Amino acid sequence: MGAPADGPAAPERPGRWRVERDLLDRSDGTRGTFTGVVLYTPTDDDGLALREEGTMRWPAFTGPASREYVLKASPRPDALDVFFPDGRPFHRMSFTPDASQDAHWCDPDTYRVTYTCLGPGSFTYSWDVTGPRKDLLLVSRLVREEP
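Residues numbered from 1 in each chain as written. Predicted model: local features only at pLDDT ≥ 70, side-chain atom pairs only at ≥ 80, totals over all residues. Heavy atoms only, no water.

> Run through the overall build of the chain, naming residues and quoting values.
Scanning the chain from terminus to terminus reveals 0 helices and 10 strands. Reading the secondary structure of the chain in the N-to-C direction produces β-β-β-β-β-β-β-β-β-β. Taking all 147 residues of the chain together, the buried fraction comes to 44%. Counting only contacts in the chain whose residues sit at least 6 apart along the sequence, the fraction spanning at least 24 positions is 37%. On the chain, roughly 7,800 Å² of surface is accessible, and the fraction owed to carbon and sulfur atoms is 53%. Of the charged side chains in the chain, 18 are positive and 23 negative; the average position of the first set lies 3 Å away from that of the second. (Helix = DSSP H or I, 4+ residues; strand = E, 2+ residues; numbered from the N terminus. Buried < 20%, exposed > 50% of the residue type's maximum accessible area, 1.4 Å probe, protein only. Contact = heavy atoms within 4.5 Å. Areas by Shrake-Rupley, 256 points an atom, 1.4 Å probe, with all protein chains shown as cover. Lys, Arg positive; Asp, Glu negative; His and termini not counted. Charge placed at Lys NZ, Arg CZ, Asp CG, Glu CD.)

Next up, the structure:
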């Protein structure tokens, strides 16, 4: 699998990462957090399965939360394509300045993501979600856990 630019920061190989996420619903100012781990494990087709598990804290809910995606090599050597578990395309992950932003339309809202490398084994990404149903800012910080 091709490694994104500044490869040591990106999840181009199996591993475990700590994740902290700040959640903001801009429509009413509600704030929350998510803390947990992200596991990247190899798939049979040279990709990586991503499984995120942790605890979400929101005013109306505190409890377990999880999600899954699949990362695969992109036609761009400095990027990975992210897919939903059922194979539908989601977005492109890259840390190269000219490709570090992408968008996903989830009718009727638009999800815009920006990736930033913080250094070896650390990166952030933020989702700016806007539309008639959502007005969210979700900022995630990941740090690789060494074995």
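> Account for the packing of aromatic side chains, with residues named and values stated.
Following the criterion strictly, the structure yields 12 aromatic pairs and no others. With a centroid separation of 4.6 Å and 35 degrees between ring planes, the pair formed by phenylalanine 84 and phenylalanine 90 is classed as tilted. Using a relative accessible area of 15% as the deciding quantity, one classes phenylalanine 84 as buried. Taken together, the ring pairs in this structure connect Trp17, Tyr40, Phe95, Tyr115, Phe123 and Tyr125 into an aromatic cluster. A cation over an aromatic ring shows up here: lysine 72 above the ring of phenylalanine 83, its NZ or CZ 5.4 Å from the ring centre. The lysine or arginine in question, arginine 88, covers the ring of phenylalanine 84, its NZ or CZ lying 4.4 Å from the ring centre. (Phe/Tyr/Trp six-rings, centres within 6.5 Å; stacked < 30°, edge-to-face > 60°. Lys NZ or Arg CZ within 6 Å of the ring centre and 35° of its normal.)

> Describe the sheet that holds strand 6 (residues 89-94), listing the residues and the values that go with them.
Spatial ordering of the open sheet is given by 6-5-4-3-2-1-10-9-8-7, a layout of 10 strands whose pairing is antiparallel. Only two strands of the sheet have a single partner each, and these edge strands are strand 6 and strand 7 (101-106). Strand-to-strand, the axes of this sheet are offset by a mean angle of 25 degrees, without reference to chain direction. (Pairing = 2+ DSSP bridges. Axes fitted to C-alpha atoms, helices over the stretch in contact; angles between N-to-C directions.)

> I'd like to hear about the environment of proline 89, residue by residue, with values.
Note that proline 89 resides in strand 6. Along the chain, proline 89 and leucine 71 lie 18 residues apart, while their C-alpha atoms are 10.0 Å from each other. Filtering out sequence-adjacent residues up to four positions away, proline 89 remains in contact with Val82, Phe83, Phe84 and His104.

> For unusual backbone geometry, give the residues involved together with the corresponding values.
With an omega of 10 degrees, the peptide bond between aspartate 107 and proline 108 qualifies as cis. Residue placement: proline 108 occurs in the loop between strand 7 and strand 8 (109-119). Positive phi outside glycine occurs at aspartate 46, with the angle close to 70 degrees. With respect to the helices and strands, aspartate 46 occurs in the loop between strand 2 (30-42) and strand 3 (48-58). Overall, the relative accessible area of 61% leaves aspartate 46 in the exposed class.

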